[in-house]
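# Structure at a glance
Listed below, chain by chain, are the residues.
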Amino acid sequence: MEFSTLIRERKSIRGYLPKPVPRQVIEEIIEVARWAPSSMNTQPWHVHAVTGEVLDRIRKGNTDNMLAGVPPKRDFPMSEAYAGVHRKRQVDIAIQLFEAMGIARDDKERRTDWVMRGFRQFDAPVSLVLTYDKYLEPAAISQFDLGAFSHAIVLAAWERGLGCVINGQGIMQSSVVRAQAGIPDDQNIMICIAMGYPDEQFVANSVKSVRESATDLVRYVGFDD
Ligand SMILES: Cc1cc2nc3c(=O)[nH]c(=O)nc-3n(C[C@H](O)[C@H](O)[C@H](O)COP(=O)(O)O)c2cc1C
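Residues numbered from 1 in each chain as written. Predicted model: local features only at pLDDT ≥ 70, side-chain atom pairs only at ≥ 80, totals over all residues. Heavy atoms only, no water.

Another aspect to go through is the site of the ligand. Surveying the vicinity of the ligand reveals 14 residues, the closest of which are S12, R14, I166, Q169 and R211. A distance of 3.0 Å separates an oxygen atom of the ligand from a polar atom in the side chain of R10. In the environment of the ligand, a nitrogen atom lies 3.1 Å from a nitrogen or oxygen atom belonging to the backbone of G168. Burial of the ligand by the surrounding chains reaches 66%, relative to a free accessible area of 620 Å². It is strand β3 (residues 163-167) that provides the largest number of residues to the shell around the ligand, a total of 3 residues. Looking at the shell around the ligand, its residues break down into 5 nonpolar, 5 polar and 4 charged. (Near = heavy atom within 4 Å. Polar contact = N/O pair within 3.5 Å; in protein donor to acceptor, adjacent residues only side chain to side chain. Areas by Shrake-Rupley, 256 points an atom, 1.4 Å probe, with all protein chains shown as cover. Helix = DSSP H or I, 4+ residues; strand = E, 2+ residues; numbered from the N terminus. Nonpolar A, V, L, I, M, F, W, Y, C, P; charged D, E, K, R; others polar.)

For the pair helix α3 (residues 52-67) and helix α7 (residues 174-181), the least separation of the axes is 9 Å and the interaxial angle reads 155°. Regarding the angle of α3 to α7, the classification is roughly antiparallel. With respect to the hand of their crossing, α3 and α7 are arranged in right-handed fashion. Residues V54, R57, I58, G61, N62 and N65 of α3 form the contact with α7, whose own contacting residues are V176, V177, Q180 and A181. (Axes fitted to C-alpha atoms, helices over the stretch in contact; angles between N-to-C directions. Parallel < 35°, antiparallel > 145°, perpendicular 65-115°, else oblique. Left-handed = near helix turned anticlockwise from the far one by under 90°. Contact = heavy atoms within 4.5 Å.)

Moving on to a nonpolar patch on the surface. There is a patch of nonpolar side chains on the surface, built from L217, V218, Y220 and F223 and spanning about 470 Å² of accessible area. On the secondary structure map, V218 appears in the segment after α8 (214-217). The exposure class of V218 is partly exposed, given its relative accessible area of 32%. (Patch = residues over 30% accessible without salt bridge, like charges linked within 9 Å, V, L, I, M, F, W, Y side chains within 5 Å. Salt bridge = Lys/Arg side-chain N within 4 Å of Asp/Glu carboxyl O. Buried < 20%, exposed > 50% of the residue type's maximum accessible area, 1.4 Å probe, protein only.)

A word on helix α5 (residues 108-119). Taking 1.5 Å as the rise per residue, α5 with 12 residues should run 16 Å; its terminal C-alpha atoms sit 17 Å apart, in good agreement. Taken as a whole, α5 has its buried residues at W114, M116, R117, G118 and F119. Contacts from the buried residues of α5 go to α3, α4 (84-101) and β3. One or two positions beyond α5, positive phi appears at Q121, with a value near 55°. (Expected span 1.5 Å × (residues − 1).)

As a further point, take the packing of α4 against α5. Packing of α4 against α5 brings their axes to within 12 Å, and their N-to-C directions diverge by 115°. Relative to α5, α4 is oriented roughly perpendicular. Between α4 and α5 lies a crossing of right-handed hand. On α5, the residues touching L97, F98 and M101 of α4 are R110, R111 and W114. A breakdown of the residues in the contact of α4 with α5 according to their chemical character gives 4 nonpolar, no polar and 2 charged.

Moving on, we get to the sheet that holds strand β1 (residues 46-51). Whenever strands of a sheet pair, they do so through backbone hydrogen bonds, lying parallel or antiparallel. With antiparallel pairing, the 4 strands of this open sheet are ordered in space as β1-β2-β4-β3. Strand pairing shows two members of the sheet lacking a second neighbour, β1 and β3, which therefore form its edges. Recorded for the sheet is a direction-independent mean angle of 25° between the axes of neighbouring strands. Here β3 runs beside strand β4 (residues 187-196); their pairing, made up of 5 bridges, is antiparallel. Bridge assignment links V165 to a residue of β4, and that residue is A194. (Pairing = 2+ DSSP bridges.)

To continue, consider the pattern of salt bridges. Tallied over the full model, the rule gives 10 salt bridges. The partner of R160 in a salt bridge is E28, and the shortest N-O contact between them spans 2.9 Å. Of the two residues, R160 is situated in the loop between α6 (140-159) and β3 and E28 in helix α2 (residues 23-33); the sequence distance between them amounts to 132 residues. The exposure class assigned to R160 is partly exposed, which follows from its relative accessible area of 28%. By relative accessible area, which is 30% here, E28 ends up partly exposed. Across the salt bridge formed by D64 and K60, the nearest N and O atoms sit 2.6 Å from each other.

Structure, rendered in structure tokens:
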């Protein structure tokens, strides 16, 4: 697939077929994604590819903790209190998803169900948990590197007919993920990527998020035209 088409066509997938992803396909994806750039070529990423019973135990642990009111805990300091235009975009994508799913504003039950789906990583057959070495904290540059790596993963997956959603929800109870996936104590969990074959019948998969126009996000300095 042509690169410009690939990058424009990819979208987050939140409904999957119950079809396993062969390990060999994941290996191919990682083989491609490892060419992502990183600060001083440090390549500070680790991938823990999780499936089967282990992933099911992570889903259950996350769900049980969230229902029991255990506060989400990430491995690094962060603020999710978006404001201004960021908050607006956050709300807009939620509206797009809820409208597609036919979930009304006041339908608390279905809204909760949707959130719980997120904590189960949308029942994807595979989750790639991305980590970096703890000693790197404060790790803004390494986190940036893992972002570049993540994008490479989701594009390489899309090229192979696989859908993904990069998601924070799946690792919000990071101690559950750490314990079940056997993630070493000297690594911080950054993010996870749910992956699988898209369920074309799942309506939220038809949602195409929007972007600001390029002219609104860039200024050109020193150009003649
Ligand atoms: C760091 C990061 C965390 C995300 N966390 C979640 C999440 O927890 N749940 C979810 O449904 N989507 C999550 N997403 C997906 C975004 O909502 C999505 O990328 C964005 O709305 C743009 O849509 P697109 O991926 O379809 O282009 C996350 C994406 C990124 C990059």
